[in-house]
Protein chains: 2
Amino acid sequence: GRIPRSLGVELHCRCIKTESKHIGSRIAKAELIPVNSHCDKTEIIATLKTGQKVCLDPEAPWVKKVIQRIMSSK
Amino acid sequence: GRIPRSLGVELHCRCIKTESKHIGSRIAKAELIPVNSHCDKTEIIATLKTGQKVCLDPEAPWVKKVIQRIMSSK
């Protein structure tokens, strides 16, 4: 059948491994992708200021702090 | 001078207004963009399951809950 046009959301999990180094200060953008029909885990894909993309573990305490800091920075 | 190649991060604020309706369940992806040299406020751009993009207010309690839920969903 016709492959549904991707709505910018991949049809499978996008992260194979996650970054362990604490790179919070180098993040230019963080994409949060909730569990969906194509991937059974939440994924976070960070774009660094260099343009490089890395996956972050949503359950890692340092990642939770980074997201918290982004949300509360004025 | 040469315009720096955009690293996928806009050179200005991207959100003019934010969505007031509680649309948490319709979010396919949420992009968190920290304060940077081009925009003095954190921005959240959500892509809905329809593909539509809307801006969310990082300081709105319901938005904080949505981000929290995405982060903690297994």
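Residues numbered from 1 in each chain as written. Chains lettered and ligands numbered in written order. Predicted model: local features only at pLDDT ≥ 70, side-chain atom pairs only at ≥ 80, totals over all residues. Heavy atoms only, no water.

Participant: I tried to follow the relation of the copies chain A and chain B on my own but got confused; where do I start?
Facilitator: If you rotate chain A by 180° and push it 0.0 Å along the axis, it lands on chain B with an RMSD of 0.0 Å. The transformation just described matches what one would write down for a two-fold rotation axis. Looking at the rotation axis and the C-alpha trace of chain A, the residue lying nearest is A:Glu31, at 2.2 Å. Of all interface residues in chain A, 100% are interface residues in chain B too; the two copies therefore contact each other through one and the same surface. (Least-squares fit on C-alpha atoms with pLDDT ≥ 70 in both. Contact = heavy atoms within 4.5 Å.)

Participant: In this structure, what is going on with the state of the cysteines? I would like to understand it.
Facilitator: One covalent bond between the sulfur atoms of two cysteine residues makes up a disulfide. Residue and element names in this part refer to chain A. A complete count under the given rule lists four disulfides over all chains for this structure. Two residues, Cys 13 and Cys 39, share a disulfide whose sulfurs are 2.0 Å apart. Taking the sign of the torsion about the S-S bond as the criterion, the disulfide between Cys 13 and Cys 39, at about 100°, is right-handed. Separated by 26 residues along the polypeptide, Cys 13 in the segment before strand E1 (27-33) and Cys 39 in the loop between E1 and strand E2 (43-48) bring together distant segments of the chain. Overall, the relative accessible area of 4% leaves Cys 39 in the buried class. (Disulfide = S-S within 2.5 Å. Helix = DSSP H or I, 4+ residues; strand = E, 2+ residues; numbered from the N terminus. Buried < 20%, exposed > 50% of the residue type's maximum accessible area, 1.4 Å probe, protein only.)

Participant: Which parts of the structure should I look at to understand the sheet that holds strand E3 (residues 53-56) of chain B?
Facilitator: In a beta sheet, neighbouring strands pair by backbone hydrogen bonds and run either parallel or antiparallel. With respect to topology, six strands assemble into an open sheet ordered E3(A)-E2(A)-E1(A)-E1(B)-E2(B)-E3(B), the strand pairing being antiparallel. Each end of this open sheet is capped by a strand with a single partner; those strands are strand E3 (53-56) of chain A together with E3 of chain B. Shown here is a sheet whose adjacent strand axes are inclined to one another by a mean of 25°, direction ignored. (Pairing = 2+ DSSP bridges. Axes fitted to C-alpha atoms, helices over the stretch in contact; angles between N-to-C directions.)

Participant: Could you clarify how one ought to interpret helix H1 (residues 61-72) of chain A in this entry?
Facilitator: Three or four residues apart is the spacing at which side chains of an α-helix point the same way, because the helix has 3.6 residues per turn. In this model H1(A) runs 16 Å from its N-terminal to its C-terminal C-alpha over twelve residues, within 8% of the 16 Å that 1.5 Å per residue would give. For H1(A), the full list of buried residues reads A:Trp62, A:Val63, A:Val66, A:Ile67, A:Ile70 and A:Met71. Those residues of H1(A) that are buried are in contact with E1, E2 and E3 of chain A together with strand E1 (27-33), strand E2 (43-48) and helix H1 (61-72) of chain B. (Expected span 1.5 Å × (residues − 1).)

Participant: Just to check I follow, could you spell out the interface of chain A and chain B for this structure?
Facilitator: By a widely used convention, the size of an interface equals the accessible area lost when the partners come together. At the interface, 29 residues of chain A touch 29 residues of chain B. When chain A packs against chain B, the two sides together hide about 2400 Å² of surface, and 62% of this comes from carbon and sulfur. Seen at the junction of chain A and chain B, the total is two salt bridges. Between B:Lys29 and A:Glu31 there is a salt bridge; the shortest N-O distance is 3.0 Å. Sort the elements by how many residues they give to the side of chain A that touches chain B and E1(A) lands first, with seven residues. In terms of residue class, the side of chain A that touches chain B is built from 15 nonpolar, seven polar and seven charged. As paired strands, E1(A) and E1(B) are joined by three bridges and run antiparallel to one another. Paired with A:Glu31 across the strands is B:Glu31, a residue of E1(B). (Buried area = accessible area lost by both parts, 1.4 Å probe. Salt bridge = Lys/Arg side-chain N within 4 Å of Asp/Glu carboxyl O. Nonpolar A, V, L, I, M, F, W, Y, C, P; charged D, E, K, R; others polar.)

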